[in-house]
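Overview (structure and organization)
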Amino acid sequence: MTSAGRFAPSPSGELHVGNLRTAMLAWLFARSTGRAFLLRVEDLDRARAGAEEVQLRDLEAIGVTWDGPVVRQTDRAGLYNDAITRLTDAGLTYECFCTRREIQDAPSAPHAPQGAYPGTCRNLSTAELEIRRVSRPAAIRLRADRHEWTVEDGLHGQYTGAVDDFVLRRNDGVTAYNLAVVVDDAEQGVDQVVRGDDLLSSTPRQAYLASLLGLAVPEYAHVPLVLNRDGARLAKRDGAVTLGELAAVGLSAGEVRDMILESLGLPGGPLDGALDRFDPARLPRGPWIWNGIQQSTLRKGA
């Protein structure tokens, strides 16, 4: 199977400059190492009508190209069910009937990190299971046998994070992200995962799950986010942050692409022109602070 990198947006709305910057970085990492580059739409949970089409159009506009057809998670339920069946047959799952409030109110185990599942349903008897099944459907949780796992990240080095009995399938039947992403990457031959560093903390769970399923763990590189002037993640309140909004204030897709490349210390122009200068070791390690329309218009000499 061909090795590959990927970009995997959720079609919940238009991509903003932070998403576009991560997509460009994932493309540069993959193409500079001779990998294929895949696009996967993670539409299990958050899909807005028309968002996927706009996202694909915007990616093409800044020069992010991909190999093969776009893959959608909603078409892959059989793969996820097979993985959960394998884990269940190995005794590595259990049913959980807890509500979010019950989990929040339950005391945490002494060794567990804040927010970790306290194991309330881990050892229910057959009789207790039958009683709870009447009242509400069950989520399926992983029965983890450790509390932490270490991964190697191309930008952060060794990172050790928490592992708990995380959800594999929600009680509404929707596959959880941590399972879907592991199964998808392995099935597609993705051996390089470049994404925002806000996802670094969930990576040990995913690598641990891959090991349980006998799947190869990808190379990881978690890249800095784009933040607003207050140090928070970009949002609608930050003004023009999508290609459509920036076009409305006079910035073309090419100009936005060049601004992003400049923030990475790379020359402007077509994206493939930056490949010769691309060096992960020289990438900025801190977030890029987006100053909104003021930053954009200053670049145009306004």
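The structure we're discussing is the one just above.
Residues numbered from 1 in each chain as written. Predicted model: local features only at pLDDT ≥ 70, side-chain atom pairs only at ≥ 80, totals over all residues. Heavy atoms only, no water.

**Side note on the overall build of the protein**
Along the backbone of the protein there are 10 helices and 12 strands. Each principal axis of the C-alpha atoms in the protein carries an extent, and together these give about 70 × 40 × 35 Å. By the burial criterion, 46% of the 302 residues in the protein qualify as buried. Considering only contacts in the protein between residues 6 or more positions apart, those separated by 24 or more positions represent 77%. (Helix = DSSP H or I, 4+ residues; strand = E, 2+ residues; numbered from the N terminus. Buried < 20%, exposed > 50% of the residue type's maximum accessible area, 1.4 Å probe, protein only. Contact = heavy atoms within 4.5 Å.)

**Here we look at the sheet that holds strand β8 (residues 167-169)**
As summarised here, the arrangement of the three strands in space is β4-β5-β8, forming an open sheet in which the pairing is antiparallel. At either margin of the open sheet sits one strand with a lone partner, and together these are β4 (93-96) and β8. Strand-to-strand twist in this sheet, taken as the mean axis angle between neighbours without regard to direction, amounts to 45°. Two strands pair when backbone bridges link them, and β4 and strand β5 (residues 139-142) are joined in this way by four bridges, in the antiparallel orientation. By the bridge assignment, glutamate 95 is partnered in β5 with isoleucine 140. (Pairing = 2+ DSSP bridges. Axes fitted to C-alpha atoms, helices over the stretch in contact; angles between N-to-C directions.)

**Describing the packing of aromatic side chains**
Considering all chains together, one arrives at three aromatic pairs under this definition. When the centroid spacing of 5.2 Å and the interplanar angle of 75° are considered together, the rings of phenylalanine 29 and phenylalanine 278 count as edge-to-face. In this pair, phenylalanine 29 is assigned in helix α1 (residues 17-32) and phenylalanine 278 in the loop between α9 (253-263) and β12 (288-289), connecting sequence segments 249 residues apart. The two residues phenylalanine 29 and phenylalanine 278 agree in class, both being buried. Relative to tyrosine 208, the ring of tryptophan 149 has its centre 5.2 Å away and its plane inclined at 55°; by these criteria the two rings are tilted. One end of the pair, tryptophan 149, is in strand β6 (residues 148-153); the other, tyrosine 208, is in helix α7 (residues 203-212), and 59 residues separate them in sequence. In this structure tryptophan 149 comes out as partly exposed when scored by relative accessible area, which is 23%. Here tyrosine 208 falls in the buried class, since its relative accessible area comes to 2%. If you follow arginine 141 out to its NZ or CZ, it ends over the ring of tyrosine 117, 3.6 Å from the centre. (Phe/Tyr/Trp six-rings, centres within 6.5 Å; stacked < 30°, edge-to-face > 60°. Lys NZ or Arg CZ within 6 Å of the ring centre and 35° of its normal.)

**Some remarks on the nonpolar core**
Core analysis: the biggest nonpolar cluster contains 44 residues, and Leu25, Phe29, Phe37, Leu59, Val64 and Trp290 have the highest contact counts within it. Counting only elements with at least two residues in this core, the list comes to α1, β2 (36-41), α2 (51-61), β10 (219-223), α8 (243-248) and α9. Apart from the residues lying within four places of it in its own chain, the contact partners of phenylalanine 29 are Gln192, Val194, Ala221, Val223, Phe278, Pro280 and Leu283. In this structure, Tyr80, Val182, Tyr208 and Leu209 belong to the second largest nonpolar core, which totals 19 residues. (Core = buried A, V, L, I, M, F, W, Y, C linked by side-chain atoms within 4.5 Å.)

**Considerations on the packing of helix α6 (residues 177-188) against α7**
Following both chains from N to C, one finds α6 and α7 inclined at 55°, their axes separated by 9 Å at the closest point. If you check the angle between α6 and α7, you find them oblique. Like other packed secondary-structure pairs, α6 and α7 cross with a definite hand, here right-handed. Across the interface between the two elements, Tyr177, Asn178, Leu179, Val181 and Val182 of α6 pack against Arg205, Gln206, Leu209 and Ala210 of α7. Taken together, the residues that form the contact of α6 with α7 break down as six nonpolar, two polar and one charged. (Parallel < 35°, antiparallel > 145°, perpendicular 65-115°, else oblique. Left-handed = near helix turned anticlockwise from the far one by under 90°. Nonpolar A, V, L, I, M, F, W, Y, C, P; charged D, E, K, R; others polar.)

**Here we look at the sheet that holds strand β1 (residues 4-7)**
Pairing is parallel in the open sheet, where three strands are placed in the order β1-β2-β3. Both edges of this open sheet fall to β1 and β3 (71-72), since each of them pairs with a single strand only. Of the pairings in the sheet, the one linking β1 to β2 comprises four bridges and is parallel in character. Its bridge partner being in β2, glycine 5 is matched across the sheet by phenylalanine 37. Packed onto the sheet, α1 meets β1 and β2 and runs at close to 145° relative to β2. Packing of α6 onto the sheet brings it into contact with β1, β2 and β3, and relative to β2 it is tilted by some 145°.

**A closer look at the pattern of salt bridges**
Overall, the coordinates contain 19 salt bridges when judged by the stated rule. For arginine 6, the salt bridge is made with aspartate 185, and the minimal N-O distance between the two is 3.1 Å. Highlighted residues: arginine 6 in strand β1 and aspartate 185 in helix α6, separated in sequence by 179 residues. Across the pair arginine 76 and aspartate 184 runs a salt bridge, and its minimum N-O distance is 2.6 Å. Here arginine 76 is found in the loop between β3 and α3 (77-89), whereas its partner aspartate 184 is found in helix α6, with 108 residues between them in sequence. Linked through salt bridges whose partners overlap, the residues forming this network are Arg6, Arg40, Glu42, Arg76, Asp184, Asp185 and Glu187. (Salt bridge = Lys/Arg side-chain N within 4 Å of Asp/Glu carboxyl O.)

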